[in-house]
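# Survey of secondary and tertiary structure
So you can see what is in the structure, the chains are spelled out below.
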Amino acid sequence: MPPVIDLDKCTGCGTCDAHCPLDVIHYNEKKNIPVVKYPDECWHCGSCRLDCPVGAITIKFGPEMLYV
Amino acid sequence: MGKGIEQFGEVLKTDVLIVGGGLAGNNAAIAACEVGAKVLIADKSSIERCGAIAGGVDHFMAYLNTDTWDTREAYLEWAGRIARGAVNLKIQNAVFCRELEAAIERMDRIGCSLRQPSGEFYRTTSFGLPGPYMINFNGKNLKPLLAKEARRLGAMTLEKCSITNLLTNGNGKVIGAVGFNIRKGNFYIILAKTTILATGNTNRIFQNPTGLPFNTWQCPANTGAAQTMAFEVGAHLANMEIVRITVVPRGFSAAGLNALTGMGGKIVNAKGEEFMFKYHPMGNKAPRYKLVEGVMREIEEGRGPVYIDCRHLSEGDMKHLKTTLGYDKDTLPDFIEQKGIDLRKDLLEIMASEGMQAGPSEICSSGIMIDEETKSTVEGLFGAGDCTDQMRCSHVCTTGGYLAGKMAAKYALTFTQEEPSVNQVKELKRKVYAPMRASGKVSQKSFEDTMRRMLWVYAGASRNEYSLNTALEKLDGLEKYFNEIKAGNYHELMRTHETRQILSVAKMMCHASLARKETRFGVFHRRTDYPETNPEFDGQIVVVNTDQGIKTFFNKLDYSTIPEP
Ligand SMILES: Cc1cc2nc3c(=O)[nH]c(=O)nc-3n(C[C@H](O)[C@H](O)[C@H](O)COP(=O)(O)OP(=O)(O)OC[C@H]3O[C@@H](n4cnc5c(N)ncnc54)[C@H](O)[C@@H]3O)c2cc1C
Ligand code: SF4
Ligand code: SF4
């Protein structure tokens, strides 16, 4: 499962989009929010969370990984 | 106006082009800038986090001359044993040994020291090592720190750029590359005096045990772009037959095994038996291919599930382990926690990971054959990192990446900039964007899934002449559908090119596997029709693209002497 972004905390810096190695997160310029556009392509590397300056990102593993 | 190549896209000029801004690519950039060359790094993501070590690394292999096992000679002797038939000791000496001291110093300088805060090295043993060569360190920020240094030295970057093809002059010399922006779609024509390919190993090539293709041990953005591009221009590739597999927590194909076994974690079966000693005298610290074989066999023969047991570790070791695990795979501690597991009290279930192409050992990979100067067999083209046949893992990608940068810059400063023909650029552009106009009768995802499932059955951890020929026939059949894959946007166009690269690597793999008529590295190349290792195959199978299709030949390697420093 992909990262979960807390939009209340997010300041809209766009770092998670820029740094994601898999092009999973796309910053939506119109709505000014980061969108997890390709959740199935997340590698769970944690880069988005590591570099989010305000700690708005958490990594949640889904049942398809926890209980397979 | 508009008669030249500029009519097709944005033309960029550089001395050294580095394709792939991962660990090797950044070290190459630093070196090339230091030599004084103009450097451009192109990557599908940003050089701050892209590639295998996005979320960090935790160990770096090195000999430090403290004891008889801790020398260059001992390291090379071990290398020649563990990777016999794949590693070229002369080249390992050049890409690793000669560059090691400078690399350790460089890591100190950029702020990612291999030392503990006390100034000491924390060293452990795993994977069949003759002594504790693995330096544990905090490599969580190695990538952004390397990127910072490369930028400080003047390296330019082209980010969110997928490179698809190399450009050549009339004599077949590589003179740059083309690619496109994965968001906006603009076409880039990059003219470079020398080009370093550094796009990592090949992933998403075999069925994933969880059924999730991006749940891979190595970075799923690495799909054999370098191997494919080099092959297309006639470069020689080696070690392509090898399937690499590792042991990972069940459900999450995450790195971290070295931390677990290095700290003394025991691998046990359902009965609690420490079974690895049955398969190798070093038990839990056996070479990786032996660990994989042990885990697979215990499960196949009905003694699974298989676990890693860390309950006996001292409080201090457990603390060290927990921090190190997060250094290697940032989200592994979250996974363990979300599974409700406490390593002090519970066992962690493990499994054999998906297969991938990444060489047989921790020192050399599968891909572009390089020489002692990291040159490929094609003029103007260099290789660095996991996409080459002689570099692998953080230590060799750091040292060898740096050497590649130095060499490519040195040659670049003696070469002139050349322009490709208008026709070449026009034709490449047409090919690159063809999936945007395709019918869409076949989806990229199902195409790739079919290929993965098929390859695991016929060319995976168990293969023979018939199964490999069947795999090749099926690849040919499948390939006929490739042109039906439609990319709806440029992100999908990137994925479609990745699928094409995986297909191309798969073919090379099958041909090389057919040529290696023996079994070597356990399940990493298990030919059921030739179950023994044959010393006559102490060398590499080399793959090359010819007018008559893929050809292979044998390159005998010498392990009788350790090369001079
Ligand atoms: C999670 C993890 C932990 C690891 N930990 C360790 C460790 O502790 N110690 C150790 O020795 N080894 C470790 N390894 C292995 C080691 O990190 C790799 O061997 C090494 O990083 C490979 O470096 P590279 O430069 O060849 O590839 P990468 O660093 O993966 O870089 C390849 C780059 O190429 C880019 N790319 C791919 N295709 C294209 C294209 N067509 N166009 C443009 N760009 C492209 C990718 O985006 C990527 O950034 C680890 C690997 C992983 C995945
Ligand atoms: S965890 Fe990694 S791959 Fe997944 S969205 Fe974050 S940065 Fe991208
Ligand atoms: S990095 Fe954090 S703050 Fe910046 S856009 Fe992403 S979620 Fe928002």
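Residues numbered from 1 in each chain as written. Chains lettered and ligands numbered in written order. Predicted model: local features only at pLDDT ≥ 70, side-chain atom pairs only at ≥ 80, totals over all residues. Heavy atoms only, no water.

### With respect to the site of ligand 3
Surrounding ligand 3, one finds 13 residues, the nearest of these being Cys 10, Cys 13, Gly 14, Cys 16 and Cys 52 of chain A. Split into classes, the residues belonging to the shell around ligand 3 amount to nine nonpolar, four polar and no charged. (Near = heavy atom within 4 Å. Nonpolar A, V, L, I, M, F, W, Y, C, P; charged D, E, K, R; others polar.)

### A look at the packing of helix H2 (residues 72-82) of chain B against helix H3 (residues 89-110) of chain B
Residues and elements named next belong to chain B. Interaxial distance between H2 and H3 falls to 11 Å at its minimum, and their mutual angle equals 130°. As the angle between them shows, H2 and H3 are arranged oblique. The handedness of the crossing between H2 and H3 is right-handed. Contacts from Arg 72, Tyr 75, Leu 76, Ala 79 and Gly 80 of H2 reach H3 at Leu 89, Gln 92, Asn 93, Phe 96 and Cys 97. Taken together, the residues of the contact of H2 with H3 sort by class into six nonpolar, three polar and one charged. (Axes fitted to C-alpha atoms, helices over the stretch in contact; angles between N-to-C directions. Helix = DSSP H or I, 4+ residues; strand = E, 2+ residues; numbered from the N terminus. Parallel < 35°, antiparallel > 145°, perpendicular 65-115°, else oblique. Left-handed = near helix turned anticlockwise from the far one by under 90°. Contact = heavy atoms within 4.5 Å.)

### Quick notes on the pairing of strand E8 (residues 174-181) of chain B
All names here are of chain B. Most of E8 is tucked away: eight of the eight residues are buried. Strand direction decides the pairing type here: strand E7 (residues 161-168) and E8, joined by seven bridges, are antiparallel. Considered in E8, the bridge of Leu 167 is made with Gly 176. Taken together, E7 and the strand that follows it, E8, pair antiparallel across an intervening segment of five residues, in which Gly 172 is found at a positive phi of about 85°. Where E8 meets strand E9 (residues 187-197), five bridges bridge the pair, whose relative direction is antiparallel. The residue of E9 that forms the bridge with Gly 176 is Leu 191. Where E8 folds back onto E9 in an antiparallel hairpin, the turn is made up of five residues, including Gly 185, whose phi is positive at roughly 90°. (Buried < 20%, exposed > 50% of the residue type's maximum accessible area, 1.4 Å probe, protein only. Pairing = 2+ DSSP bridges.)

### Some thoughts on the domain arrangement of chain B
All names here are of chain B. For chain B, the assigned domains are domain 1 (247-352) and domain 2 (432-556). Taking only C-alpha atoms, the centre of domain 1 and the centre of domain 2 are 31 Å apart. In total, about 460 Å² of surface goes out of reach between domain 1 and domain 2, with carbon and sulfur atoms giving 85% of it. When residues of domain 1 are sorted by the area they lose upon contact with domain 2, Tyr 289, Glu 293 and Met 296 head the list and together hold 76% of the total. Taken together, the connections running from domain 1 to domain 2 amount to zero salt bridges. Our count for the contact surface shared by domain 1 and domain 2 stands at zero residue pairs in polar contact (both at pLDDT 80 or more). Taken together, the residues of the side of domain 1 that touches domain 2 sort by class into three nonpolar, no polar and two charged. (Domains from an automatic or database assignment. Buried area = accessible area lost by both parts, 1.4 Å probe. Salt bridge = Lys/Arg side-chain N within 4 Å of Asp/Glu carboxyl O. Polar contact = N/O pair within 3.5 Å; in protein donor to acceptor, adjacent residues only side chain to side chain.)

### So, the pattern of salt bridges
Tallied over the entire structure, the rule returns 51 salt bridges over all chains. The partner of Lys 44 of chain B in a salt bridge is Glu 498 of chain B, and the shortest N-O contact between them spans 2.8 Å. Note that Lys 44 of chain B is positioned in the loop between strand E2 (39-42) and strand E3 (59-61) and Glu 498 of chain B in helix H15 (residues 490-515), a separation of 454 residues in sequence. Summarising the burial analysis for this pair, Lys 44 of chain B and Glu 498 of chain B share the class buried. Given a relative accessible area of 1%, Glu 498 of chain B falls into the buried group. Linked by salt bridges that have partners in common, Glu 41 of chain A together with Lys 44, Arg 204, Glu 448, Asp 449, Arg 452, Arg 495 and Glu 498 of chain B make up one network.

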